[in-house]
Amino acid sequence: MSEKKKRSFFSRLFFFILVALASGLLLLSYAAGIINPAKFWPITIFGILYLPVLILTILLLIFAIIRRSSLASWLIILLIPSIFLAGRYIRIKGKDKAEEGPVKVVTYNVGLFANGDKSAELDSRKALADETAKYLMSLDADIICLQEFYIDNAIGVDDYFAAHFPGYRADYYLLTGSKGHAGNVTLSRLPVRDKGKVGFEKSTNMALFTDVEVNDTISLRIYNCHFESYNLSPDSVIKSIVDEEEVESTGRKMRQAITRRPDQIKAVRASMAESPYRSMVVGDFNDTPLSYTYQILKQSRTDAFVKAGRGFSFTYKRFRPFLRIDYLLAPKDLDAVTFSSERVDYSDHYPQIATFKPSTMKQSI
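Residues numbered from 1 in each chain as written. Predicted model: local features only at pLDDT ≥ 70, side-chain atom pairs only at ≥ 80, totals over all residues. Heavy atoms only, no water.

(A) Expanded view of the sheet that holds strand E2 (residues 103-109). Overall, mixed pairing links the six strands, which are arranged E4-E5-E3-E2-E14-E13 in an open sheet. What marks the edges here is a single partner per strand, and that holds for strand E4 (169-176) and strand E13 (334-340). Neighbour to neighbour, the strand axes of the sheet diverge by 20 degrees on average, direction disregarded. For E2 and strand E3 (residues 143-151), the ladder comprises five bridges, and the chain directions are parallel. Looking at the pairing, Tyr108 lines up with Leu146 of E3. (Pairing = 2+ DSSP bridges. Helix = DSSP H or I, 4+ residues; strand = E, 2+ residues; numbered from the N terminus. Axes fitted to C-alpha atoms, helices over the stretch in contact; angles between N-to-C directions.)

(B) Structural view of a nonpolar patch on the surface. There is a patch of nonpolar side chains on the surface, built from Leu27, Trp74, Ile77, Ile80, Ile83 and Phe84 and spanning about 650 Å² of accessible area. For the nonpolar patch, the element with the highest residue contribution is helix H4 (residues 71-85), accounting for five residues. Take Phe84: it is sitting in helix H4. (Patch = residues over 30% accessible without salt bridge, like charges linked within 9 Å, V, L, I, M, F, W, Y side chains within 5 Å. Areas by Shrake-Rupley, 256 points an atom, 1.4 Å probe, with all protein chains shown as cover. Salt bridge = Lys/Arg side-chain N within 4 Å of Asp/Glu carboxyl O.)

(C) A look at the nonpolar core. Grouped together as the largest cluster of nonpolar side chains are 27 residues, with contacts concentrated most on Leu136, Leu146, Phe149, Phe161, Phe165 and Leu187. Counting residues per element, the ones that place at least two in this core are E2, helix H5 (125-138), E3, helix H6 (157-164), E4 and strand E5 (181-188). (Core = buried A, V, L, I, M, F, W, Y, C linked by side-chain atoms within 4.5 Å. Buried < 20%, exposed > 50% of the residue type's maximum accessible area, 1.4 Å probe, protein only.)

(D) Structural context of the packing of aromatic side chains. Considering all chains together, one arrives at 19 aromatic pairs under this definition. With centroids separated by 5.5 Å and ring planes inclined at 85 degrees, the aromatic side chains of Phe113 and Phe149 adopt a geometry described as edge-to-face. Here Phe113 is found in the loop between E2 and H5, whereas its partner Phe149 is found in strand E3, with 36 residues between them in sequence. A single burial state applies to Phe113 and to Phe149, both of which are buried. When the ring of Phe312 is compared with that of Phe314, the centres are 6.1 Å apart and the planes differ by 55 degrees; the resulting orientation is tilted. Every member of this aromatic cluster is reached through a ring pair, and the members are Phe113, Phe149, Tyr160, Phe161, Phe165, Tyr168 and Tyr172. Lys197 extends its terminal NZ or CZ atom over the ring of Tyr173, reaching a point 4.4 Å from the ring centre. (Phe/Tyr/Trp six-rings, centres within 6.5 Å; stacked < 30°, edge-to-face > 60°. Lys NZ or Arg CZ within 6 Å of the ring centre and 35° of its normal.)

(E) Quick peek at the packing of helix H3 (residues 50-67) against H4. Taken N-terminus to C-terminus, the directions of H3 and H4 make an angle of 145 degrees; their axes are 10 Å apart at the nearest point. When you trace H3 past H4, the crossing you get is left-handed. Residue-level contacts link Tyr50, Leu54, Thr57, Ile58, Leu60, Leu61, Ala64 and Ile65 of H3 to Ala72, Leu75, Ile76, Leu78, Leu79, Ser82 and Leu85 of H4. (Left-handed = near helix turned anticlockwise from the far one by under 90°. Contact = heavy atoms within 4.5 Å.)

(F) Structural context of the sheet that holds strand E6 (residues 192-199). Across the sheet, six strands lie side by side as E6-E7-E8-E9-E12-E10; this open sheet has mixed pairing. Because the sheet does not close on itself, it has two edges, and the strands there are E6 and strand E10 (301-303). With strand direction ignored, the average angle separating the axes of adjacent strands in the sheet is 20 degrees. Both strand E9 (residues 278-284) and strand E12 (residues 326-331) contribute to a ladder of four bridges, which runs antiparallel. Bridge pairing in E12 places Val282 opposite Leu328.

(G) Seen up close, the side chain of Ser347. When you line up the elements, Ser347 lands in the loop between E13 and strand E14 (352-358). Of the polar contacts made by the side chain of Ser347, one reaches the backbone nitrogen of His349; its length is 3.2 Å. In contact with Ser347, other than residues within four places in its own chain, are Tyr108, Asn109, Val110, Gly111, Asn115, Gly116 and Lys317. (Polar contact = N/O pair within 3.5 Å; in protein donor to acceptor, adjacent residues only side chain to side chain.)

Take a look at the structure:
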């Protein structure tokens, strides 16, 4: 075999191996939304890898077309599901931002007021909390759902909300730690009929629910959720590449978070089944749009970003642009007319903001 033929053979072999690898990873990514991770927890990792694997597969397709490779047909078939799934990450055309809905909802993981932009010259958690409150008030929302809210003195929490969120009723559940109090908060300027909490076993995470009156005939239950976190930083992920102990720690944290979330979703779904009202589910899911968490909670609901968003909606800045983990999922008969995810620096997450137009009421769980 001539040297030229050898190079050609190894080039084709290398390309075939790349296509096989990308194909396997992409198929496993597709399966991540179907398989319960409590039964096979690594499947969630493939869902997280969907975007980079999708980009790799598209590049391979372009190369295959240029080279007139027979593998191009296979790659086209492989990418067909992504025609429908990629819209969960990027929207080419959203709704007209001039159109406004009568109900405006915000969800925001405020990161314990400890993860804002250091260049903002805010020298304390209190200063960052105050600036965040000013920003949230400027949004003029009807409902504001916060996760990882922090205050050092729980005795003064009602006074804090009264001073910083005038006109809103605050429902909250805060857990006491060694350095303060943290949890979920739902602020409403719509009339509230009832409230409650869905606790999660062996976890400090939770879901609050608040029943609000949208108008004289429409009521809505809003679940403010914070599902199990990975508790990983970018530094620890990078360190795990070379540190054996860090690898073990990272794997343990990921496995714990991934296997706990299905039971947490089940608990929220059970609460929804008992609700007299249709349910909106919002908050920090700590899972991507190609995950079991998203797939189950999206049942009977629409994603406000998919319905009315525009552009590329990543919500967690430390691993941008790949992680979208915060959501506004509304009943299908509650139409999202605007959506935005503003790039503010008060947290390591970005707020999700949408306005909705109520329509005919139907029960959904």
